[in-house]
Each structure stands twice: as structure tokens, then as C-alpha cells.
Amino acid sequence: MHLGGGGPCCSALHYLSLLVLAVVLATALAQGALPAFLPCELQPDGLVNCNWLFLKAVPHFSAAAPRENITRLSLLSNRIHHLHDSDFAHLPSLRDLNLKWNCPPASLSPMHFPCHMTIEPNTFLAVPTLEELNLSYNGISTVPALPSSLVSLSLSHTHILALDPPALVGLHALRVLYMDGNCYYKNPCSRAVRVAPGALLGLGNLTHLSLKYNNLTEVPRSLPPGLQTLLLSYNRIVTLAPEDLATLAALRVLDVGGNCRRCDHARNPCVECPRGSPQLHPNTFSHLSHLEGLVLKDNSLHCLNSRWFWGLDSLRVLDLSENFLYDCITRTKAFQGLARLRQLNLSFNYHKRVSFAHLQLAPSFRSLRSLQKLDMHGIFFRSLSETTLQPLAHLPMLQSLSLQMNFINQAQLSIFGAFPGLRVVDLSDNRISGAAEPPAALGELDGGHKLWLPPRNLAPGPWDSPSSEDFMPSCSTLSFTLDLSRNNLVAVQPEMFARLSRLQCLRLSYNSISQAVNGSQFVPLTSLRVLDLSHNKLDLYHGRSFTELPRLEALDLSYNSQPFSMQGVGHNLSFVAQLPALRYLSLAHNDIHSRVSQQLHSASLRALDFSGNALSRMWAEGDLYLRFFCGLRSLVRLDLSQNRLHTLLPRTLDNLPKSLQLLRLRDNYLAFFNWSGLALLPELEALDLAGNQLKALSNGSLPGGTQLQRLDLSSNSIGFVDSGFFALATRLRELNLSANALKTVEPSWFGSLAGTLKVLDVSANPLHCACGAAFVDFLLEVQAAVPGLPSRVKCGSPGQLQGRSIFAQDLRLCLDEALSWGCFGLSLLAVALGLAVPVLYHLCGWDLWYCSHLCLAWLPQWGRRRDADTLLYDAFVVFDKAQSAVADWVYNELRVRLEERRGRRALRLCLEERDWLPGKTLFENLWASIYSSRKTLFVLARTDRVSGLLRASFLLAQQRLLEDHKDVVVLAILCPDAHRSRYVRLRQRLCRQSVLLWPRQPTGQRGFWAQLGTALTRDNSHFYNRNFCQGPTTAE
């Protein structure tokens, strides 16, 4: 670092300072003050997380760190291209090492940069305790030397194209080996992966082998006989014979899917299956008596050979999806011997460009007595009737039936009432518009004609994003769920649900239902507990809507905004009061703003989602909707996010249910929040104010006695926090201040609360990383509560450190040129003074002594002649804090009236507990308060006994009268009937307007405040009675 003009002395000082700072940081690390594993983060269960840190080398942790406790090290997604012999030797207990995505092959790299990872011979041999190693997505072409303790090894998506016996020698403990994706369209290679015969035979404990996406043309020979899981999907194995799996009698899971693909349904590059393939010998699987899972998906199968499944008495899961079995499933006998099968996947076995009118399953489905889940989506048939699923009706264990994406336009939903154990029926993404008509002849197309469908992407769509269970429960625990979402329903008729009285969850979202529900649509559903009608066009006009559902607990009416946007149309929400079991209600994203019921009533509702509406417009209509939520006596959770709120008045909070425990106000426009208003919600435990426009936490503090435990203030613009703001909220445990404009984090914000916080998130703030920044020490004290402290808490300034960890401080930035020049100037001044002072004292000491005392005698008078506009306060308020009634009047009446309710004419008051500086003596603060204020206001309950601070303040005010010729005393007497002292009686005669009496009647209070404002803003000289004396004047 260049220090202009400093010379060798300054240079030496610079390097000496760097050395001192380095020693300080090293000492702090040795004492354990800094996180022990910088730049990584220590997480539970001995995991050191170094993911996504762009490291170019393996970090070597300090000897003072508890390295013997590290059992797992994750270096995912860094830039480590060279591994040295000593990189992991200092971790004696390491068991799990993840090096995935450090040096990816060029074809897998986002920028397609070539990369080759170098691994020295003893890199992993130096870790004799290593059990799990992940080297996936790295440019390695050979298997490195590995310790014999290894249990799990992943070599997927690398350049390793051959496995020879020497490559894995000595790995007798290895149980799991992944080597997927080393030769396929995303990671192309010059030749297929070759697994030499017997290459894996020495791995006697190997139970799981995955060789997917490797262009293999045959099953590797001489595999370990104890293998239990073999995954060979998406290779090019088109022929399977008994000898291919002859030695694998212990196999439990076999995946050979995608070896002879159906390309019309492929979502990625695909090679058509050769004509006459695949060739599966009838006895291919007959000797696999322990097989529990078999995957034959995407293999262009047109029929099922019954002999394939002979001897598979233990088979539990069978995947036959994405084949050509649309005809086979109507007549096959292959399922007759699969009495223990629990899951069967037949999805996307459709005929190319054809939609069948009807479908009837083969009688052999009756043999699947243990079947629990059947997936039949994407087969394309347009009518669902009783005969369609007749073979399944008496399967006692069938629980889940998936029929989505079949283009069904007519469905007899009542047929599901005959299934005794059915829990989930999924008919989403079809074209159902109502109840089915009587079925026509089965096994034929409409009129003998085929319906040709245009090519389209037939991949299944995603499920609805589930709402938070705080506001809408899941149906997963209910006994019977029917999903009719994403269909063409325009209206709901009760006959649709005949024989479905045991239905407990009904999903009707993403339809076009636009009828006015009147309490008759769901009459048969007497057991319904959850009803999802989101994303429709429901008209809520009738007061008895949904009252036919006596057990309804959750009702989702979100995203039904079209009726609410119709001008002049009213909406009736009184039905809520008539649902005795309702606990969850969502009216979210309906843009509700006017012409709705003035108040919601419910004795049972516990969670209400009212986000995405326009409460700002509703509450702007005077008191019309002020009590909108008051009638929800049991409400515990309320979401008011995205309601365009600009302010939240105390009276608004006071009209929310007192039982609230969770209140969400995310993504509004709140620039101010009255924190004292939280006392109006005595049970509140969680408050979410994320995504608003708060700029400071300075108006008061969190009130004492609040039950608040979680507070989310993330994604605001908070740049300042008052001292002690969080201190009184003693139950606060989780605080999110991330994504704000904080430049520091002060311990004074929290007081004693800091030690009890479990979560303190300050990430994504532009912290100012100056040398010796106090917030670093504080965050180190509470580092267990700060998520991502080493990597996610970053500097925002100075510019050289922007975006870097707060612990990545550059010591050279601690001494800049300006500081060096300042030090030089101070030292020069000290030398000059050291020479000049003795000389001047010797030559003219007496004269200097006389002049100094003359100046001291003159300066105080000059210092007090300050312009009134430079004073800090308009009034210093003095009162007896021991009198609680007086203190309450000052804080809740006087302060509010003079500071908050006068608008532009607001006065600046000086209060002892708020404005006095800690660290100064009482007399220093008292003197500064009186001399920095225009007036001194004495608030008295009685005037005959005055002592303590009141007496000292009065004497100082009198001293100011003598010194500055300014009468600054104003008296406010709260008990006008009390005995008045002689001084008060005399002052009433001389300066009556400076003695104010609190009125007995409330009607006189407005006049009192007007007189007090005048007394505090005008000079007392204007108030003196000219008949008695000439009032004091300001000295010229």
C-alpha cells in the first residue's frame, strides 16, 4: 500500500499495524471467537458445509478448531480442480465426503469449459475412516485409489468409461456404487461404458449397483451374487435372457426401463426401438424369487407374457408405464399370479393419436388382491363408467387410483362408492363437464371411428402448489379424497356425488364453475371435511351457501375474483356463521373491496386467509368495515398480505380478534407501524411484516409483556434501529432482519434478549465492514443463532469488500492514506506543542495566565448567547416519576398531544428516560436539558411539597433567569384543588399565562392544550402583568 510522503517511518508504522492486526485476528481465532471452520459453516451432526463458496482449494481448518468432530464434509459446487495428498489428512474422523460439481465435464458445464480434475495417489488413502465418497460431475477418467473402509461410492457423470478388476480392488466393504450418465446425450463419449467380466465380482458386500445412461448393450457379466438392487435403465439392452441374471438370485429391485424407448412420448433425444424388440425370454425373471420391484417402463412393450411373472411371488411394485399396452390391459392374464403386488403403474400406455370411447380392464385385475395403488393416467379414454373399473371393485386393499390426463368427458363418480378401502381418486386434468350418460357398448370406438389427436406434450402437469397448512390443511390424512381439478365443470349438481357420502375431501379447483351456490349443490356429501373451489368464478350471493355440509372444516374460495370485480353486484358472506365445524377459510386473491357483508361471524373459525384483497379500500370507507373481523371469536391465524395497506392504525388493530396468535402482513406498503399497538393483541405469537416499506425501527419499541415469539421484518428498507427496540419482548425467539439496509447490528438493540434468541437472520444486508466493527463481535457471541454466518452474512461496504464474507477482511484496508496523514499531522502537532508550551510559559507565563482567566470569565456568557433556533428542544418536561398517574399523563397525553398530533406545529420535548445520554452524570444531563430547551415545563400534582429532581431543576431554571435574563418556567398543575404554594400564587399574579391548571371538565381540555402550546412557543416576557412589574428582558 502506497503512503504518499510518509517516508520509511510511515512505511514501518504501516507494516507494524498490519502485524498487530494479524496477531489480534489470529489470537481471536485461537480463542475460538471466530467460527472455527471459516469460510465454511458447521452444521448439526458433524457436517461442515462448504457448498457454493467458489473455493479453488480444499480449506485447511485451524488446529484450534475441533477437527476431530468433523464426520461429514460437503464441498459441492466449488472450483476445486486439484486434490492433494494432504487435503483431508487433518480430518481423522471424516466419514462422508461430497466433491460433486467441482470440475464438470465440458458438455455438462454451464459454459462448456473443458475441465480435468487431478487427484494425487494418497488423497483418499490418507482418510482411513472414509465411508461415503461422491465424485459425481467431475472430469475424472479413472477411478482414484480408495480406502478399504469405503461403503458408498458415486462416480456418475464423469469420464470413466471402463471398470476393470484393478480399479476397485480392496473395497471389500463397498455396498453402494453409482456410475450413471457417463455416456449419453448430455455427456457424449466415443464408445459405450465397458464393465469387464468379473470387474465387480470382488465386491462381496455390494448390494446396490446403478449403471443408468451408459449406452450398455448387455447386462454386465459376473456381478456379485449378493446384489439386491440393479439399475440398468436408459441403456441399449434390447435382449434379456435367463443367463443374464442367472447369478443374481438375491435381487430385490431390477430396473431395465428405457432400453427400447417409445420416442413419441420422449422428452429428450431418443433412438427408436428396433423392429422386433425388445426380446424378453419368458423365463428371464423366473428364478428371481426375492424380487420386490420390477421396472419395465418405456420399453415399447405391446403385450405381456404371463410367464414373465411366474415365480415372482414377492413382487410388490411393477412399473409398466410408457409402453403400448392399451389393448393388452383389456384382455391380459399376466396379473393372475401377482397376488402380493401393491403398486402397479400403467400410465401413458395410449394408442398413438387415438382416444378410445370406453375402457374395460381385463378380468385378471381381480387377482391383484394386495394392490394398494394403481396409476392409469395418460391412457386416453373418454368415458368412465361402472364397467370400466369393475375388476377393481372388490380389491380390499386398493387405496389410490390415478386417472388424470385421460381426456375423460363423462364420468360416473358414484362408482367409487363401491370401493371399500379407496382413499384417493385422482381425476384431474380431464374434460369432465358433468355426470356421465348411460354407457354405450364397450370395446368400440365412437361409431367405429377413431378420434385422431394432434401431437402434444403428454408429460403430467405439476400438482397444485400446496398452501401452508397453517391456513389450509392437507387431505393426506383423510380417509377419502376425490380430485376433479382442472376439468371443464361449469356447474355442480348433487347427482354427481350420489353414493359418495363417505367422501371427506373434494378438489374442484381450476374449473369454470360460475354458478351461485345456494346450499343444495353438495347435499349427498354429508361427511365432507375439506372443499377446494379455488380458481373458479363462484357467485357468493346466497346466505345459505355450503350449509348442506355440516362437517365442513376447510373451505378454499381463493382466486374467485371475477364476481367481486363486477361493479354494483353485492356479495353475501353470512354463510360463514352457519358452518358450525368450519376451521379454515380462504378468501385469498379475490380483490374483495366493497359491497360485501360488513362483518364476518364464526365461533369455530381458527384460520382465515384474506391475502390478495383490497382491505385498504374497505377500511377507507369510514367505520363501515372497521369491525369486519371482530365476529371471528376463535380466530388464531390471519393472513392480510398483499392488501395494499399503507397504514395500520391502532383502532384497526384493536378491532382484530383478541385471540390472534399469527398475523401476516407481507407485501403491503406499510412505511410506519405503531409497535405499541401490539399490546392490543395480547395472544399474538408471530408477526410477519416482510416485503413492506419500513425504513427505521425508531417509533417506540416492542411493548413489554407481549407474547411475540417470531418476528419477520425481512425485505424492507430498514437502515436504523432504536436502542433497546427488541429488549422488552422477552419471549422473542426468532427474528428475521434479512434483506434490509442495515450497515451494522448493535447489541444495544436487544439488551438481555440477545442470549435467548434461537434465530437471528441478518443476511443480505449491506453491512459496513470497517476495521474493528462492533457488530462482528456481537454476531460471534450469538453465532449459534445466526444462520449462514460464515457465508451468507456479507459486507456491503467498503467497495473492496462488497459481496464478501464479513470475516474476509483485508488488513491492508485498515490503514489508508488519509489515516496515515492524520497520524502524521497529530504527531507533528504534539512535537510542536511540546516545544512551544515550555518556551511560552518561561517567557510570558503570567500574561498567559491572566489572559486565560479573562477568557474563561467571558466564554460562558458568550456560550449561552445562542440563538433560539439552535436549541435542541422546545421544552424540557420535569415531573415526579414516583407518581405513576403523573408519569402516565406525561407519556400518554402530553407527549402524544404535543409531538404527534400537532402536525407541522409539533414540538420537540426532552424527556429524561428517552433523551438523556447514558454515561453522563445526573447533573450534566439536567444542566444540558435546561440550557438546550426554550422552556422548562414542570408537571405537578401538588405544589406544597417539591423535592429531588424537581427542586434541582427549578433552581437551575432560576439560575438561567439570573444569567441569561430569560424566564423559562412554565407550570402545569394537574390537581387544581390542591393547596398552592406562595410561589405559585405570586407567579399567577405576575405571569398568569405561565401557570396552567388541568380542567375539571373534559370540555375544557381543548382550551388547556391551546394555552399550553402558546406558553411553550412564546417568550414569557409577553405574559407579565404590566401593572405589577416590568418583566425580564433579554440582555442585549
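Computed from a predicted structure; not experimentally measured. (Residues numbered from 1 in each chain as written. Predicted model: local features only at pLDDT ≥ 70, side-chain atom pairs only at ≥ 80, totals over all residues. Heavy atoms only, no water.)

What to know about the overall build of the protein chain
Okay, so step 1: Summing up its helical and strand segments, the protein chain has 12 helices and 49 strands in all.
Okay, so step 2: In the protein chain, once contacts between residues fewer than 6 apart in sequence are set aside, the share between residues at least 24 apart is 67%.
Okay, so step 3: Counting every atom, the protein chain has about 48500 Å² of accessible surface; 54% of that belongs to carbon and sulfur. (Helix = DSSP H or I, 4+ residues; strand = E, 2+ residues; numbered from the N terminus. Contact = heavy atoms within 4.5 Å. Areas by Shrake-Rupley, 256 points an atom, 1.4 Å probe, with all protein chains shown as cover.)

A closer look at the nonpolar core
Okay, so step 1: Among the nonpolar cores identified, the biggest contains 223 residues, and Phe88, Phe416, Phe546 and Phe726 are the most heavily contacted of them.
Okay, so step 2: Of all elements in the fold, only α3 (615-618) and α5 (774-781) reach the threshold of two or more residues within this core.
Okay, so step 3: Counting 25 residues, the second-largest nonpolar core is a separate cluster that includes Phe879, Val886, Val890 and Leu974. (Core = buried A, V, L, I, M, F, W, Y, C linked by side-chain atoms within 4.5 Å. Buried < 20%, exposed > 50% of the residue type's maximum accessible area, 1.4 Å probe, protein only.)

Quick look at the sheet that holds strand β45 (residues 873-879)
Note on sheets: strands pair through backbone hydrogen bonds, and any given pair is parallel or antiparallel.
Okay, so step 1: Spatial strand order, β46-β45-β47-β48-β49: five strands in an open sheet with parallel pairing. Looking at strand neighbours, the two that pair on one side only are β46 (909-910) and β49 (995-997), the edges of this open sheet.
Okay, so step 2: Inspection of the sheet shows β45 paired to strand β47 (residues 933-940) by six bridges, in the parallel sense. By the bridge assignment, valine 878 is partnered in β47 with phenylalanine 938. (Pairing = 2+ DSSP bridges.)

Things to note about the packing of aromatic side chains
Okay, so step 1: A full pass over the atoms with the stated rule returns 38 aromatic pairs.
Okay, so step 2: Judged by centre distance (6.4 Å) and plane angle (25 degrees), the ring pair of phenylalanine 522 and phenylalanine 546 falls under stacked. In this pair, phenylalanine 522 sits in the loop between β28 (505-507) and β29 (530-532) while phenylalanine 546 sits in the loop between β29 and β30 (554-556), placing the two residues 24 residues apart along the sequence.
Okay, so step 3: You can call phenylalanine 546 buried: its relative accessible area is 1%.
Okay, so step 4: Pairing phenylalanine 750 with phenylalanine 778 gives two aromatic rings, centres 5.4 Å apart and planes at 15 degrees, and the pair type is stacked. Taken together, the residues phenylalanine 750 in the loop between β41 (734-736) and β42 (759-761) and phenylalanine 778 in helix α5 connect sequence positions 28 residues apart. No difference in accessibility class separates phenylalanine 750 from phenylalanine 778, as the two residues are buried. (Phe/Tyr/Trp six-rings, centres within 6.5 Å; stacked < 30°, edge-to-face > 60°.)

Considerations on the state of the cysteines
Okay, so step 1: Overall, the coordinates contain seven disulfides when judged by the stated rule.
Okay, so step 2: Paired by a disulfide, cysteine 475 and cysteine 505 hold their sulfur atoms 1.9 Å apart. In this structure the cystine formed by cysteine 475 and cysteine 505 twists about its S-S bond by roughly 60 degrees; its chirality is therefore right-handed. Of this pair, cysteine 475 sits in the loop between β26 (451-452) and β27 (481-483) while cysteine 505 sits in strand β28, placing them 30 residues apart in sequence. (Disulfide = S-S within 2.5 Å.)

A look at helix α11 (residues 982-990)
Okay, so step 1: Within α11, burial applies to Val984, Arg987 and Gln988. The buried side chains of α11 occupy one side of the element, clustering within an arc of 105 degrees when seen end-on. Opposite the buried face of α11, by more than 90 degrees, sit the exposed residues Arg982 and Arg989.
Okay, so step 2: As for α11, its buried residues are in contact with β48 (969-973) and β49. (Arc of directions from axis to C-beta.)

Here's the deal with unusual backbone geometry
Okay, so step 1: Residue proline 39 is reached from leucine 38 by a cis peptide bond, and omega for that bond is 0 degrees.
Okay, so step 2: Locating proline 39 in the fold gives a position in the loop between α1 (7-30) and β1 (41-43).
Okay, so step 3: A cis amide bond, omega -5 degrees, links serine 797 with the succeeding residue proline 798.
Okay, so step 4: One can find proline 798 in the loop between β44 (795-797) and α6 (817-864).
Okay, so step 5: One non-glycine residue, histidine 112, lies in positive phi territory at about 60 degrees.
Okay, so step 6: When you line up the elements, histidine 112 lands in the loop between β5 (96-98) and β6 (118-119).
Okay, so step 7: Residue classification places histidine 112 among the exposed residues on the basis of a relative accessible area of 51%.
Okay, so step 8: The residue tyrosine 510 is not glycine, and still its phi comes out positive at about 55 degrees.

Quick look at the packing of helix α7 (residues 884-900) against helix α12 (residues 1005-1017)
Okay, so step 1: Running from N to C, α7 and α12 cross one another at 75 degrees; their axes reach a closest spacing of 11 Å. Relative to α12, the element α7 is oriented roughly perpendicular. Every residue of α12 that contacts α7 at Trp889, Glu893, Leu894, Arg897 and Leu898 is listed here: Phe1008, Trp1009, Leu1012 and Leu1016.
Okay, so step 2: Here the residues of the contact of α7 with α12 are counted per class, giving seven nonpolar, no polar and two charged. (Axes fitted to C-alpha atoms, helices over the stretch in contact; angles between N-to-C directions. Parallel < 35°, antiparallel > 145°, perpendicular 65-115°, else oblique. Nonpolar A, V, L, I, M, F, W, Y, C, P; charged D, E, K, R; others polar.)

So, the pattern of salt bridges
Okay, so step 1: Taken as a whole, this structure holds 24 salt bridges when the rule is applied.
Okay, so step 2: In this structure, the salt-bridge partner of arginine 914 is aspartate 915, at a minimum N-O distance of 3.3 Å.
Okay, so step 3: Residue classification places aspartate 915 among the partly exposed residues on the basis of a relative accessible area of 23%.
Okay, so step 4: The shortest N-O distance in the salt bridge between arginine 960 and aspartate 964 comes to 3.9 Å. One end of the pair, arginine 960, and the other, aspartate 964, are both in helix α10 (residues 949-964), four residues apart, so they sit about a helical turn from each other.
Okay, so step 5: Look at arginine 960 and you get buried, because its relative accessible area is 4%.
Okay, so step 6: Using a relative accessible area of 12% as the deciding quantity, one classes aspartate 964 as buried. (Salt bridge = Lys/Arg side-chain N within 4 Å of Asp/Glu carboxyl O.)

Points about the pairing of β45
On a regular strand, each side chain points to the face opposite its neighbour's, so the side chains alternate between the two faces of the sheet.
Okay, so step 1: Counting buried positions along β45 gives seven out of seven residues, so the element sits mostly inside the fold.
Okay, so step 2: As defined by bridge partners, β45 adjoins β46 across two bridges and the pair is classed as parallel. Pairing of alanine 875 across the sheet is with leucine 909, part of β46.
Okay, so step 3: Once you follow β45 into α7 and on to β46, the crossover reads as right-handed. (Right-handed = clockwise from strand over helix to strand, strands pointing away.)

Some remarks on the environment of aspartate 639
Okay, so step 1: Its location among the elements puts aspartate 639 in strand β35 (residues 637-639).
Okay, so step 2: For aspartate 639, a relative accessible area of 6% puts it in the buried group.

Section: the confidence of the model for the protein chain
Okay, so step 1: Per-residue confidence for the protein chain gives a mean pLDDT of 86; residues scoring 70 or more make up 90%.
Okay, so step 2: Low pLDDT, under 50, characterises residues 438-467; the predicted model gives this stretch 50 contacts beyond four residues in sequence or across chains. (pLDDT = per-residue confidence, 0-100.)

Description of the pairing of β48
Okay, so step 1: Across the five residues that make up β48, a large majority, five, are buried.
Okay, so step 2: Of the two faces of β48, both are covered, the one formed by Val969, Leu971 and Ile973 as well as the one formed by Val970 and Ala972.
Okay, so step 3: Bridge count between β47 and β48: five bridges; the pairing is parallel. Bridge pairing links valine 939 to alanine 972 in β48.
Okay, so step 4: Following the chain from β47 across α10 to the adjacent parallel β48, one finds a crossover that is right-handed.
Okay, so step 5: Where β48 and β49 come together, three bridges link them in parallel fashion. Counted as the bridge partner of alanine 972 is leucine 996 from β49.

Some words on a nonpolar patch on the surface
Okay, so step 1: Residues Trp846, Trp849, Tyr850 and Leu854 make up a contiguous nonpolar surface patch of about 530 Å² in total accessible area.
Okay, so step 2: One can find tyrosine 850 in helix α6. (Patch = residues over 30% accessible without salt bridge, like charges linked within 9 Å, V, L, I, M, F, W, Y side chains within 5 Å.)

Here we look at the packing of helix α9 (residues 922-931) against α10
The description of two helices packed together rests on the angle between their axes and the distance between the axes.
Okay, so step 1: Two elements in contact, α9 and α10, have axes whose closest approach is 10 Å; the angle formed by their N-to-C orientations is 50 degrees. Relative to α10, the element α9 is oriented oblique. At the point where α9 passes α10, the crossing takes the right-handed sense. Counted together, Leu922, Phe923, Leu926, Trp927, Ile930 and Tyr931 of α9 and Leu949, Ala952, Ser953, Leu956, Ala957, Gln959, Arg960, Glu963 and Asp964 of α10 form the full contact between these two elements.
Okay, so step 2: By residue class, the composition of the contact of α9 with α10 is 10 nonpolar, two polar and three charged. (Left-handed = near helix turned anticlockwise from the far one by under 90°.)

Some points on α12
Okay, so step 1: With 13 residues, α12 should reach 18 Å at 1.5 Å per residue; the first-to-last C-alpha distance of 19 Å fits that figure.
Okay, so step 2: Along α12, the residues that are buried comprise Phe1008, Trp1009, Leu1012, Gly1013, Ala1015 and Leu1016. Looking straight down α12, one finds that the buried residues subtend no more than 165 degrees of arc, so they occupy a single side.
Okay, so step 3: Residues of α12 that are buried sit in contact with β45, α7, β47, β48 and β49. (Expected span 1.5 Å × (residues − 1).)

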